[in-house]
Amino acid sequence: MNELFSFIVKNSKWFVFTFFVVISCMLLFRDDPYRQHVYITSAGKLASTAYNGANNVTSYFNLHEINDDLNRRNAELQSRIAALEEALEELREEEYTDTLVPEPGVEPFSFIVAHVINNSIARPFNYLTINKGSAEGVRPELGVIDRNGVVGIVSNVGSHSARVISLLNPHFRLSCKIKSSDYFGSLVWDGRTPTEAVLEELPRHTVFKVGDTIVTSGYSAVFPPGLPVGVVLDDDTDKNQNFFTLRVRLLADFTTMSNVQVVINNHADELKALTAGEENDSKKNPFGN
């Protein structure tokens, strides 16, 4: 108490000065409307400036909390987006129906829908990667198609992914025929363009015309017969050759490939067993010597 009294006595001059200033201002502005307006306006501007300064200081110190909250909300949104994209992809796969119309008698075949996660088209030897593997029933030497035509054949398989030899790979040869004919040849990519391939070794007496559809022959356990592959563009044959070589426009668009189907031949094991039996018989001496 004594300290407070001493402080007041010590600064009494300032208190008296402040008191008279306040009284003077009240007397000055009380009876003059113009001065009242100036006072209120100036006071309002001063108060607004003070409030803005205080708000800026407070906001600056709250930036860390605001930033943390924004990061948390961003992480939640990213998680939701990822979940929605995954759900959308599942719906796309469920709604992805086979528009191919194979010839009758393909009941032994079943299909696994997969999504292309990597694809090359400009290399000498091209491959695809799909998001289904052994856990989903994919295994090597299974055919791969899309809604337009043949894509390739599975080469290597992981638990949840698989590598596919693309039709745009010279190592992959596909037995094909002209849809209106029973004569077949071998389709192979010649490396010129990702939209075309050539059908080789087609017998010279085969009748065809530009625009004819090329389909799978069915002479393997990989693809069903009658799957569309391409359309005849022109005859690329040397007249001295004994077989036709046709340039074919591929129906599968490898530049925009997304969803594919892995073809499973449910009778493949039986066919392999029969083939193995034929190979064993060919090794035997028919004369018993």
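Here, the structure is the one placed above.
Each value, and the rule that gives it
- Residues numbered from 1 in each chain as written.
- Predicted model: local features only at pLDDT ≥ 70, side-chain atom pairs only at ≥ 80, totals over all residues.
- Heavy atoms only, no water.
- Helix = DSSP H or I, 4+ residues; strand = E, 2+ residues; numbered from the N terminus.
- Buried < 20%, exposed > 50% of the residue type's maximum accessible area, 1.4 Å probe, protein only.
- Contact = heavy atoms within 4.5 Å.
- Areas by Shrake-Rupley, 256 points an atom, 1.4 Å probe, with all protein chains shown as cover.
- Pairing = 2+ DSSP bridges.
- Axes fitted to C-alpha atoms, helices over the stretch in contact; angles between N-to-C directions.

Here we take up the overall build of the protein. When its secondary structure is counted, the protein shows 4 helices and 12 strands. Here the protein holds 289 residues, and 30% of them are scored as buried. Long-range contacts, defined as pairs at least 24 residues apart, comprise 59% of the intrachain contacts of the protein with a sequence gap of at least 6. Carbon together with sulfur atoms contributes 57% to the accessible area of the protein, which is approximately 19100 Å² in total.

Phi at Glu141 is positive, roughly 70°, even though this residue is not glycine. Among the structural elements, Glu141 can be located in the loop between β2 (127-130) and β3 (143-145). For Glu201, which is not glycine, the phi torsion reads 60° and is therefore positive. With respect to the secondary-structure elements, Glu201 resides in strand β8 (residues 196-203).

Glancing now at the sheet that holds strand β12 (residues 259-265). Overall, antiparallel pairing links the 6 strands, which are arranged β1-β2-β5-β4-β3-β12 in a closed barrel. Here the average twist between neighbouring strands, direction ignored, is 45°. Bridge count between strand β1 (residues 109-119) and β2: 3 bridges; the pairing is antiparallel. When the sheet's bridge partners are listed, Val116 is paired in β2 with Ile130.

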